[in-house]
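Residue-level structure breakdown
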Amino acid sequence: MSDTTSSGQGTALEPGTAPEPKAENKAALVGRSPGQLAWMRFKRDRVGVVSMWISVTFLIVAIAAPLIEMVYGQSATTLNSNLLNDDSRPLGVLGGITFSTDNPSNNIHILGVEPRTGRDIFMQLVYGARTSLGIAVTASLISLAIGVVMGLVAAYRGGWVDSFINWFTDFMLAFPFVLFAFAAIPIVNTWLADDKGEVSPFSRVITIIVVFSVFGWMGTARLVRGQVLSLREREYIEAARAAGAGTGHILFRQLLPNLWAPILVTLSLGVPATVTGEAALSFLNIGVTEPTPDWGRMVNESVAWYQVEPMYMLIPGVALFLLVLSFNLFGDALRDALDPKSTK
Amino acid sequence: MLRYLIKRSLIAVITLLMISITTFWLFFAGSANPAAQMCGAKACDAAKIERINKSLGLKDPIHEQYGRFMSGIFTGREIGEGADAIKCPAPCLGVSFRTSEPVLDIIERGLPVSASIAVGSAVISVLLGVSLGIASALKRGGWLDKFSIGFALTGASLQIFFLGLLLQMVLVYQLKIWDRPRYVPPSEDFLGWLSGMSLPWVTLGVLSAATYARFARAEMLEILSEDFVRTARAKGLTPRAVNIKHALRASLSSIVTIFGLQLGGLLGGAAITETTFDMPGIGKLAVKAVGDDNLPIVMATVLLAAFFVVLFNVIVDAMYAVIDPRVKLS
Amino acid sequence: MADQNPYLQVKDLRVQFKTEDGVVKAVDGVSFAVERGKTLGIVGESGSGKSVTSLSIMGLHNRKRAAMTGEILVDGRNILNLPEEKLREVRGQQVSMIFQDPLSALHPFYTIGHQIVEAHQVHHKVSKKESRKRAIEMLDRVGIPQPAKRADQYPHEFSGGMRQRAMIAMSLVNNPNLIIADEPTTALDVTVQAQILDLLLDLQREFNSAIIMITHDLGVISQIADDVLVMYGGRAVETGTVESVMRRPQHPYTWGLLSSVPSLHGDANEDLVPIKGNPPSLINLPSGCAFNPRCRYAMLGDGRPCDLEIPQLLQVQERGHSVACHLPEQERVQTYQQDIAHSGVAQ
Ligand SMILES: Nc1ncnc2c1ncn2[C@@H]1O[C@H](COP(=O)(O)OP(=O)(O)O)[C@@H](O)[C@H]1O
Ligand code: SF4
Ligand SMILES: [Mg+2]
């Protein structure tokens, strides 16, 4: 009987030939924090890195718009009727694309000019990015904050507070967002109007940010609530509670640090979602108005021209697509790096 | 099961009520001057506006107006006074400020258009998206999977209005190989309906398919790593039986959920789709009504869209119970 | 008494997974054998490669993602070269598996009866009705009351112990020659655990099957196994008859495991931390003896072997007992007698 297990004895093959890992290597692996490990994984994802740089470029363009204007030589609002023909269409090829300053505006127009106004499309895009990303980043941050607080409170307090927040989340999700936002924004704007009934561009932007923040937190709240419920059972929370730590301490010192990964992912995916939503509203002609440049509105205005001036529609449409795509890719790569088990 | 459904429906009704109150309050309290709208092009004098305000009760306290609105839904009502009175039978959602036509009639004209878009694109998106997602999960890492990931990402990043306009520009106006989007009732001209709806269907269908593909793939991958799938393989079942009978069956409930939620939300997105393709559906109606300050129509479309969201929530919950024996509805 | 051709023979099995973070050497040169009617216990902390070993025997690893070398002979046929269709005949019919957590291992949407019938139908060309009769018979055999009624219930309607019985009924429905039980009682409480082990022994006697009992609990091993294989970091560190390994263990890791066996009077649910420190990462094993960072007898530095050379699994004086440790055998025997047998604690 004892022979049954001794079949390995004669061969006794041992894996001694395998090269041993270098000691420094080992030490490196041991000493890494979860954040560093995630960053190492992220760096290996080529699509993720490229999309990150493209996203960062968009952000820099948005922030540095006035600087770009200085270098480029023309503002987004300069009218160039002298670049248009009698039908108000741009002179020259492909919607007036020119890399030479030898024209009535004395400026290059690397993406051409708008029909009807002759404004430079490149500068419209640059300032449009500022509008889009300004709104999207601010609204995402605010809705993230609302969502985190709602989720934390719901999960942590439990009981009727939890039930109510859950119901309220469902309630907000039942609102047909586009229709409602679309109907509500003009009304909110009338509240913000000054004595002469004028609404400043800044107020309009604020309105949109508010609407997106109010309707954007539900996903985060659910996520945070779920995470906290599963974290809450862990020993270290129990230990903190046993040691007499207050609710605030446990919430913000113990739970939040464990939530940063999903929060980061939510934020990075919330920005492109808001960019899309904002563009859609502008496309419906709600939202920021002239003279604030906006990509969605550019697409909307191009509809009247797109049979004869396809570039006017293509350029903002493609820009929008690229921006949203690069942020989405970046967000996905970030999630994969932070949670290697996720399946994309 | 029945008790659960009743409870869910009750919550749904309360949700709808809250939405109606919020919408009503926001629009009627904050709006400009509806009476002026009713005068149409020829501006009325102050006395006329006064009379309209009075007959419609537009200056009454808001809760009274809301009460009248709600009771109209259940009992119908007469709007206005004397000779100007408009009969609005139950369920009455008010009358258009513009044309004095009952809102319900206007909605009924738009509904077939929106429903056509929704149903057609839903069929395309589910068939295409779910099968693509599942196939790519089963062949993880293969070319189909790579394509599917790319498709899902592109679709998720494309705006329906951009893609719709682009396709119209290229296919309809430049190459002239596709019919211009338009709506004719299928009862009148079935083929015309098909060809007129085809571009919106394809555009919306393909874009939503991206969502389904992404979701179905992730769900299927997750299920394939479950213990019970390993058990099925350990029994000696064929890959086909393992994939279909065990894995697919288990991923069904979440796919149905997503489908229900998307379908319920379609009306909400109709404003963009219908504007893109210039189709006279509910969404387009709402866009126009907002531009016109035609509040009763805005109110009705918001409520209708919310109704569908809530309705499909209840349906999804019920389906869940049918699909998953672990869900005890009580 | 010795069988020249044991039902299962595993020779120098290596299983590696390529992952993003590196190559996981989950099993690294393990050999063992089991005859029919006998039970081999495989023991080790979690993460030591026990489940990966057992899944290899079923041919359940994805061949694209798991690199496997060595030999796994089931009834003389090498599982590692068997085409998928042939493997399916082996699975569930000749070799079957009982999983650790029956709640997640059973499909939540099908009744217990349905799942057992399915397992039977894969390997038998009989009517559904006959298979159902067989399923109910098996449920009865594993001690489930009212089997006909319970067959129509879903897994979530069963208690933990009953669920594991149902799982066993499903695994045994085709009278397999080899049963692999991967921690079948870990999720259960002690009384139920004892019942399940008794049941397995009963069934083994009845069908003369070979059993591999995987566990991290040496108590279970001493109850039902004939031979035992101790795994650490994907390698076999000690193997032999239960009698010799349990009575006269020679590997410091086994000493640690033994000292963590709950005493008869102790609370068995208590989570005993067997040995100080954590099991090693299988991507980056400590050099030399993988156990050296946790071993209080480790001979380190000055060219001493424990972190330089992987100790070979060598037979000791006692027949059929092998140990992989650099300590001289004499010293091991003495140390165990003095240090452990007398103080009763390893660490
Ligand atoms: N499919 C897989 N891919 C990568 N690593 C795996 C896979 N399956 C198991 N492993 C790793 O192999 C090691 C051994 O796991 P396992 O055999 O499950 O241990 P246990 O002894 O607890 O049963 C673990 O570190 C685990 O992470
Ligand atoms: S080889 Fe050295 S480190 Fe390993 S168990 Fe033996 S004494 Fe301990
Ligand atoms: Mg295991």
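So, how was this worked out
Residues numbered from 1 in each chain as written. Chains lettered and ligands numbered in written order. Predicted model: local features only at pLDDT ≥ 70, side-chain atom pairs only at ≥ 80, totals over all residues. Heavy atoms only, no water. Contact = heavy atoms within 4.5 Å. Buried area = accessible area lost by both parts, 1.4 Å probe. Salt bridge = Lys/Arg side-chain N within 4 Å of Asp/Glu carboxyl O. Polar contact = N/O pair within 3.5 Å; in protein donor to acceptor, adjacent residues only side chain to side chain. Helix = DSSP H or I, 4+ residues; strand = E, 2+ residues; numbered from the N terminus. Nonpolar A, V, L, I, M, F, W, Y, C, P; charged D, E, K, R; others polar. Domains from an automatic or database assignment. Near = heavy atom within 4 Å. Patch = residues over 30% accessible without salt bridge, like charges linked within 9 Å, V, L, I, M, F, W, Y side chains within 5 Å. Areas by Shrake-Rupley, 256 points an atom, 1.4 Å probe, with all protein chains shown as cover. Buried < 20%, exposed > 50% of the residue type's maximum accessible area, 1.4 Å probe, protein only. Pairing = 2+ DSSP bridges.

Now for the interface of chain C and chain B. Listed by partner, the interface residues are 24 residues for chain C and 20 residues for chain B. Between chain C and chain B lies a buried interface of about 2,300 Å² when both sides are counted; carbon and sulfur atoms form 60% of it. On the surface where chain C and chain B come into contact, there are two salt bridges. Between K245 of chain B and E118 of chain C there is a salt bridge, with its nearest N and O atoms 2.9 Å apart. Counting every contact that joins chain C to chain B gives 13 residue pairs in polar contact (both at pLDDT 80 or more). For the side of chain C that touches chain B, the secondary structure elements donating two or more residues are α3 (102-105), α4 (112-123) and α7 (160-172) of chain C. With six residues, α4 of chain C is the single largest residue contributor to the side of chain C that touches chain B. Of the residues that constitute the side of chain C that touches chain B, the class distribution is 14 nonpolar, seven polar and three charged.

With that out of the way, let us pick up the domain arrangement of chain B. When the parts of a complex come together, some accessible area is lost, and that lost area is often taken as the interface size. Residue and element names in this part refer to chain B. Looking at the assigned domains, one finds that chain B contains domain 1 (2-102) and domain 2 (104-323). The gap between the C-alpha centroids of domain 1 and domain 2 is 33 Å. Facing 26 residues of domain 1, the contacting portion of domain 2 comprises 22 residues. Roughly 2,200 Å² is buried in total at the junction of domain 1 and domain 2, and carbon and sulfur atoms are behind 73% of that figure. Interface area lost by domain 1 to domain 2 is led by L16, L93 and P102, which between them contribute 23%. At the boundary of domain 1 with domain 2, the tally comes to two salt bridges.

Turning our eyes to something else, we now look at the interface of chain A and chain B. Taken together, the contact between chain A and chain B spans 41 residues of the former and 46 residues of the latter. Between chain A and chain B lies a buried interface of about 3,900 Å² when both sides are counted; carbon and sulfur atoms form 79% of it. Counting across the chain A and chain B interface gives one salt bridge. Note that D332 of chain A and R214 of chain B form a salt bridge whose closest N and O atoms lie 3.0 Å from each other. One can count four residue pairs in polar contact (both at pLDDT 80 or more) joining chain A with chain B. Broken down by secondary-structure element, the contributors of at least two residues to the side of chain A that touches chain B are α7 (159-174), α8 (177-192), α12 (247-283) and α14 (310-338) of chain A. Per element, the largest residue contribution to the side of chain A that touches chain B is 13 residues, and it comes from α14 of chain A.

Here we take up the site of ligand 2. Near ligand 2 the following residues occur: H251, P252, C289, F291, N292, C295, Y297, A298, C306, C325, H326 and L327 of chain C. Along the lines of polarity and charge, the residues of the shell around ligand 2 split into nine nonpolar, three polar and no charged.

Time to look at a nonpolar patch on the surface. A cluster of nonpolar side chains, namely L2, I6, L10, I14 and M18 of chain B, defines an oily patch on the protein surface of about 470 Å² accessible area. One can find M18 of chain B in helix α1 (residues 2-30).

So, on to the pairing of strand β2 (residues 22-34) of chain C. Residue and element names in this part refer to chain C. The element β2 is extensively covered by neighbouring structure, given that 10 of its 13 residues are classed as buried. Where strand β1 (residues 8-19) and β2 come together, 10 bridges link them in antiparallel fashion. If you follow L13 over to β2, its bridge partner there is V30. Two successive antiparallel strands, β1 and β2, enclose a turn made up of two residues.

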